[in-house]
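Analysis of the macromolecular model
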Amino acid sequence: MTLIRLLIVDDHDAFLNAAERHLRRVAHVAIVGRGRNGIEAVALADELKPDLVVLDLAMPEMGGLQATRLIKAQDEPPFVVIASHFDDVEHREHSQRAGADAFISKLNYIAELLPIIDSRAGTPQGGA
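Below is a short write-up of the structure. (Residues numbered from 1 in each chain as written. Predicted model: local features only at pLDDT ≥ 70, side-chain atom pairs only at ≥ 80, totals over all residues. Heavy atoms only, no water.)

Observations concerning the side chain of Q74
For clarity, the threshold we go by: Secondary structure elements follow DSSP: runs of H or I no shorter than four residues count as helices, runs of E no shorter than two count as strands, and numbering proceeds from the N terminus. Only protein chains enter the calculation, and the probe is 1.4 Å; a residue is then buried if its accessible area is under 20% of its type maximum, exposed if over 50%, and partly exposed in between. Residues are treated as being in contact if the distance between any of their heavy atoms lies within 4.5 Å.
Assignment of secondary structure puts Q74 in the loop between α3 (64-72) and β4 (79-84). What makes Q74 buried here is its relative accessible area of 14%. Look past the residues within four positions of Q74 in its chain and what remains in contact with it is V42, A45 and D46.

Observations regarding unusual backbone geometry
If a residue is not glycine, its phi is most likely negative; likewise, a peptide bond is most likely trans. For K49, which is not glycine, the phi dihedral falls at a positive 50°. Note on placement: K49 falls in the loop between α2 (38-48) and β3 (52-56). With relative accessibility at 46%, the residue K49 sits in the partly exposed group. The phi torsion at E76 lies on the positive side, around 50°, for a residue other than glycine. Under the relative-accessibility criterion, E76 is labelled exposed at 75%.

In structure tokens:
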């Protein structure tokens, strides 16, 4: 099992805190950083070299799509997951075109993110 170094980026502190609280319970996850907008996401991804970045789609200053494009242009880019309340075909397609590796609904954030983390860590689904 591989330890997954995770960067989470969202402009709502309550959401970040809840996500972090749940993810800290997963043995093969190390939260290496958190950001509040796309500008911070790009800088932190370059500085921290996480394995996985989870980005909110809609954020101030720079949204998740533009941040994804810039993160994916970095040397050895991480796996990027876009998270949004706007869970429809159009937003999923925009995310994919921006270079995101996956898209999850914020309504099922942990339930949809854990299988992605598990697959990246090489563990069976649900293996915390």
